Amino acid sequence: MHASIPGPAISVSGLDVTRGDNHVLHSVGFEAPAGSVTGVLGPSGCGKSTLIRTIVGVQTNATGRVEVLGEPAGSPSLRSRVGYVTQAPSVYGDLSVAENLRYFAAIGGASQDRIATIVSTVGLDGLEERTTGSLSGGQRSRVSLASALLGDPDVLVLDEPTVGLDPVIRAELWTTFRRLAGAGTTLLISSHVMDEAGECDRLLLMRDGLILRDTTPSDLRTETGEQDLQRAFLAVIEGS
């Protein structure tokens, strides 16, 4: 059970990011309620990963206000409260699943007793002694997710966690994400696959460094008259 906080779990306003002559994010602002799944959706290169990096406090050249759990993004006090999973699996291929998780638990100060629970949470039962490098891409992604969950974070930020995975594994991961949100974790998940939008509580539709819509799946369907969310997103783009 996660401690309740006053206000949104993530709050962003006036966020601008510039790299050289490239203006990556343009006055971005939104709020993510605690215990919700917020999807950041849009084509590759639209600024999703830059927004993700800013929220976890590792993006330079950012101006504006970005707060997570009431603290400025990247604050030392957030290190044990925010989990971050990058696009590439961030685990050691020459170690077993269990060895990876024991290592990340040790450096993160998490209880070793949580490992068995987290292995079950992400569906890796029976694979604990397998070398991580011998696993499939979807299984390695689960090991990365497991390492981020060891500290029982209040906020979990995932950058395209389902990219390249087959539909069955994607569906299983989304079941895990929904279960985590139901237990009080706030999830911010980026994706360029619009059929995943329907799994989210809130949607941030991005293009060219802008948030075109901060909405919900049902409101987006109502606004555009399209039941298919990919067609709905295209309708928003055409209208913009």
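A brief look at the structure comes next. (Residues numbered from 1 in each chain as written. Predicted model: local features only at pLDDT ≥ 70, side-chain atom pairs only at ≥ 80, totals over all residues. Heavy atoms only, no water.)

1. Observations regarding the side chain of Ser36
Consideration 1: Residue position: Ser36 is located in the loop between strand E2 (22-32) and strand E3 (37-41).
Consideration 2: We classify Ser36 as buried; its relative accessible area is 7%. (Helix = DSSP H or I, 4+ residues; strand = E, 2+ residues; numbered from the N terminus. Buried < 20%, exposed > 50% of the residue type's maximum accessible area, 1.4 Å probe, protein only.)

2. With respect to the sheet that holds E2
Consideration 1: The antiparallel open sheet is built from four strands, whose spatial order is E2-E1-E4-E5. In this open sheet, the two edge strands, each paired with only one partner strand, are E2 and strand E5 (71-72).
Consideration 2: Relative to E5, strand E4 (residues 62-68) runs antiparallel, the two being bridged by two bridges. Bridge assignment links Glu67 to a residue of E5, and that residue is Pro72.
Consideration 3: Of the strands in this sheet, strand E1 (10-19), E2 and E4 are in contact with helix H1 (residues 48-55), which crosses E1 at around 120°. (Pairing = 2+ DSSP bridges. Contact = heavy atoms within 4.5 Å. Axes fitted to C-alpha atoms, helices over the stretch in contact; angles between N-to-C directions.)

3. Here's the deal with a nonpolar patch on the surface
Consideration 1: Taken together, the side chains of Tyr92, Tyr103 and Ile107 make up a nonpolar region of the molecular surface, amounting to roughly 310 Å² of accessible area.
Consideration 2: You can call Ile107 exposed: its relative accessible area is 55%. (Patch = residues over 30% accessible without salt bridge, like charges linked within 9 Å, V, L, I, M, F, W, Y side chains within 5 Å. Areas by Shrake-Rupley, 256 points an atom, 1.4 Å probe, with all protein chains shown as cover. Salt bridge = Lys/Arg side-chain N within 4 Å of Asp/Glu carboxyl O.)

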